[in-house]
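Here is how the chains run, residue by residue.
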Amino acid sequence: MNYGHSRKEPPVVSEVLPDIERDPGARPAIRAAGLVKTFGTIRAVDDVSFDLAPGRIYGLLGPNGSGKTTLIRLLTGMARPAAGTVEVLGVAMPSRPNLSRIGYMTQSDGVYPALTVGENARFFAAAYGVTGDAAVLDALTLVDLADRQGDVTSTLSGGQRRRLSLACALTHRPPVLFLDEPTVGIDPLLRVQFWGHFRTLAEAGTTIVVSSHVMDEADRCDELLFMRSGRVIARGTGRQIRDRAGTDDLEQAFLAFASENGVGR
Amino acid sequence: MNARRLRAIFRRVVSEFRRDHRSIALLFAAPILMTGLITFIVREGQAPSVTVALVHGGSPIGQVVSDRLRSALEAEDITVIAAVDESAARAAITNGQADVGVVLPVDLGRPGATITAITNGMDPIGEGTQLGIVRGILVATATAALDAPLPTVEHATAYGVPTDDPIAPYAPAIVGFLAYFFVYILTGISFLRERTGGTLERLMATPVTRGEIVTGYTLGFTLFAGLQVALLMIWSLGTIRVPAIGPLPEFAIGLGVATAGNPAVAFLVVLLLAVGAVSLGIFLSTFARTELQIVQFIPLVIVPQFLLSGILFPISGLPEILQPLVGLMPVSYAVDGLRQVFIAGADLSSGSLQLDLLVLAVIAAFFGLIASLTIRREVA
């Protein structure tokens with residue numbers, strides 16, 4: 001992929017990007033207002049505001065270094081914003097108790113290699129305060145690892161470890177789920193399976209925020225947020241974004257919005 | 001051997017190491033620091049200041065020898081206090097007023113008379129030096145004054161019994177030190193993995209608190225420290241006889257070091273020390289990015305404790321400017337506590353042992369607190 005170097009013709013996009021239509025009565029699952037995060041002189045997240053509705057899959061798309069992970073860390077309360085506020089399920093973040101309602105799959109697998117599959121899942125379940133084994137078994141079944149519970153994690157393949165990592169974020173059946181590049185480094189077949197899992201969870205009411213720098217995953221999301229240099233430069237369904245950019249190619253659309261916002265190159 | 005490939009590997013090693021500034025600093029600075037410290041301790045180690053409690057024994061010749069001995073000792077800058085009898089001299093030693101007691105017998109000058117030299121018994125190495133100085137002057141004075149064959153000088157200790165076992169003074173200290181060292185390394189590396197492996201980030205995304213993490217780690221590693229120390233104590237204190245089987249002769253397993261006190265109390269001392277080592281490992285893992293860097297802290301935090309806690313070099317003989325540092329070394333309290341138990345047979349009712357345990361507990365709590373402060377939600 002190449003962002004910002006292979007632009008062809010600039011599409012005409014001038015209107016302020018509207019939020020998608022949704023039930024105005026529904027309380028947002030996630031609300032960000034004026035979020036800023038700086039590292040030295042770099043504004044990793046630069047004045048980001050949005051409301052995300054429950055039970056939908058949001059794709060956070062943008063190149064490496066565009067601020068996706070930092071934004072997710074702000075939303076989960078793992079980092080403190082320099083300015084702005086975050087609310088998840090109506091609770092201001094950071095909030096330790098609220099973390100039991102949030103699932104977070106980090107970019108690295110973040111599982112203990114010396115523990116078995118079952119031990120890893122049960123450990124995180126216990127950390128989330130889950131009692132009983134039903135949710136752990138559900139999570140492991142969802143990622144097709146229920147019959148590998150006794151296997152030591154270091155003996156798993158990379159894809160299996162990624163699946164375990166997902167299961168560990170699901171052991172407490174969180175209504176809000178953040179997935180930081182969940183499909184990086186996994187094969188196309190497993191990727192299809194993962195998106196199947198995400199859809200299943202969303203249909204059950206889970207709000208999912210997935211970050212990715214792979215544009216061909218975008219159409220699996222209900223809505224997209226394009227990020228560039230710490231800002232959300234476009235938001236809408238895949239169709240809306242294509243229409244607005246006047247191109248059928250999401251990569252081209254991204255480049256169009258990037259240049260529109262003066263941060264394309 | 002292909003020169004090009006060889007050169008590539010050589011260059012890779014050099015460029016990689018060159019960018020690890022801390023490794024380079026330690027490679028050159030650590031040995032200089034360590035050899036400097038050791039040389040300083042050995043070369044500048046003070047002749048220990050000695051106070052002698054002198055008992056003249058009541059005989060006229062004893063009065064004469066006692067007076068001459070006093071002036072000879074004082075000529076060597078040794079303080080002399082008078083004690084009425086042996087039990088008064090022992091009391092002066094146990095309450096810290098005197099280092100060495102010299103008890104002249106009533107029958108001084110007659111054949112078979114024995115002079116008793118008493119030391120505390122808690123710091124056999126340091127006391128050996130002090131006793132050596134006093135004994136030299138004593139023998140010279142007595143020989144000149146008595147004009148008779150040298151009286152026997154017998155060594156007694158206020159605590160325990162003087163032992164010929166050369167390992168006896170070291171064994172308690174080494175048990176404590178090893179536990180501290182291994183627990184630090186294990187915790188440091190384990191927690192570093194937690195930080196670099198992404199599991200800490202993930203754990204902090206759960207409702208788990210920092211206090212729960214530090215306490216949980218402490219419980220886990222203290223269990224293993226406890227097992228290690230228990231095994232080490234059985235090995236050091238025990239003598240298990242294995243009977244002759246077939247052509248094999250009978251032999252004994254275990255070091256068979258004598259202990260005056262209850263091993264369970266000694267175990268408690270080491271366990272408290274180990275709890276502090278867990279917190280230290282967690283705390284220092286903040287400042288390391290690789291496992292190598294955890295190991296690199298050894299010259300900075302472990303070696304000084306080894307040198308300044310009275311394990312090899314008695315505290316009384318350390319250079320004066322290093323003396324205040326001793327109180328900052330957690331290991332020094334454990335070494336003192338362990339010697340109290342092993343040599344003096346102290347139990348939990350002993351005030352100085354209680355003090356050691358209290359200080360170790362405070363150190364463990366302090367490092368536990370700062371360790372938990374290094375675990376932030378914001379780990380990246």
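Every residue gets a number counted from 1 within its own chain, in the order that chain's sequence is written. Whichever chain is written first is A, and whichever ligand is written first is 1; the rest continue in order. Residues qualify for local features only when their pLDDT is at least 70, as the model is predicted, and side-chain atom pairs are given and counted only at 80 or more; totals for whole chains, interfaces and linings, by contrast, use all residues. Side-chain measures here rest on the full set of heavy atoms in the structure, leaving out hydrogens and waters.

Quick notes on the sheet that holds strand β5 (residues 91–93) of chain A
All names here are of chain A.
Then step 1. The four strands lie next to each other as β2-β1-β4-β5, forming an open sheet whose pairing is antiparallel. At either end of the open sheet lies a strand with only one pairing partner, and these are β2 (42–52) and β5. Across the sheet, the mean angle from the axis of one strand to that of its neighbour is 30°, orientation sign disregarded.
Then step 2. A contact between two residues is defined here by any heavy atoms of the two lying within 4.5 Å. For helices, the axis comes from a line fit to the C-alpha atoms of the stretch in contact; other axes are also lines fit to C-alpha atoms, and the angle between any two N-to-C directions lies between 0 and 180 degrees. Note on conventions: DSSP H or I runs of at least 4 residues are helices, E runs of at least 2 residues are strands, and numbering of each starts at the N terminus. Here helix α1 (residues 68–75) sits on the sheet in contact with β1 (30–39), β2, β4 (83–88) and β5, set at roughly 125° to β1. Whether two strands pair comes down to DSSP finding at least two bridges between them.

Describing the sheet that holds strand β6 (residues 102–105) of chain A
Residue and element names in this part refer to chain A.
Then step 1. Read across the open sheet, the six strands follow the order β6-β7-β8-β3-β9-β10; overall the sheet is mixed. Across the chains shown, the open sheet's two edge strands, defined by having one partner strand only, are β6 and β10 (231–236). Going across the sheet, the axis of each strand differs from the next one's by a mean of 15°, ignoring polarity.
Then step 2. Examined bridge by bridge, strand β3 (residues 57–61) and strand β9 (residues 223–228) share four bridges and lie parallel to one another. Residue Y58 lies in a different strand from β9, and its bridge partner there is E223.
Then step 3. Where helix α5 (residues 188–203) meets the sheet, it contacts β3, β6, β7 (176–180) and β8 (207–212), and its direction lies at approximately 155° from that of β8.
Then step 4. In the packing of helix α6 (residues 238–245) onto the sheet, the strands contacted are β9 and β10, and the crossing angle to β10 comes to about 105°.

Re helix α2 (residues 21–44) of chain B
All names here are of chain B.
Then step 1. Counted at 1.5 Å a residue, the expected span for α2 with its 24 residues is 34 Å, and the 33 Å between its end C-alpha atoms agrees.
Then step 2. At any given residue, the bend is defined as the angle formed between two axes, one fitted to the seven residues that end at that position and one fitted to the seven that begin there. A29 marks the point of greatest bend in α2, at about 30°, and the proline P31 comes within the next four residues.
Then step 3. Burial status follows relative accessibility: with a 1.4 Å probe on protein chains alone, a residue under 20% of its type maximum counts as buried, one over 50% as exposed, and anything between as partly exposed. Of the positions making up α2, those classed as buried are S23, L26, A30, L37 and I41.
Then step 4. Each element contacted by the buried residues of α2 is listed here: α1 (3–19), α10 (291–296) and α11 (298–308). Expected span of a helix, by definition, is 1.5 Å for each gap between consecutive residues, and there is one gap fewer than residues.

Some words on the domain arrangement of chain B
Residue and element names in this part refer to chain B.
Then step 1. Residue ranges assigned to each domain were obtained from an automatic or database domain assignment. Structurally, chain B comprises domain 1 (51–157) and domain 2 (171–374).
Then step 2. Just the C-alpha atoms count here: the centres of domain 1 and domain 2 sit 39 Å apart.
Then step 3. Contact residues are listed per partner, giving six residues for domain 1 and nine residues for domain 2.
Then step 4. Here domain 1 and domain 2 share an interface that buries about 580 Å² over both sides, 65% of which is from carbon and sulfur atoms.
Then step 5. Among the residues domain 1 hides against domain 2, the three largest losses belong to M122, D123 and I125. Together they make up 73% of the total.
Then step 6. Just to be clear on terms, a salt bridge is a Lys or Arg side-chain nitrogen sitting within 4 Å of an Asp or Glu carboxyl oxygen. Connecting domain 1 to domain 2 are zero salt bridges.
Then step 7. When residues are grouped by polarity, Ala, Val, Leu, Ile, Met, Phe, Trp, Tyr, Cys and Pro land in nonpolar, Asp, Glu, Lys and Arg in charged, and all others, Gly among them, in polar. Per-class residue counts for the side of domain 1 that touches domain 2 are three nonpolar, two polar and one charged. Once two parts are brought into contact, the accessible area they lose, counted with a 1.4 Å probe and summed over both, makes up the buried area.

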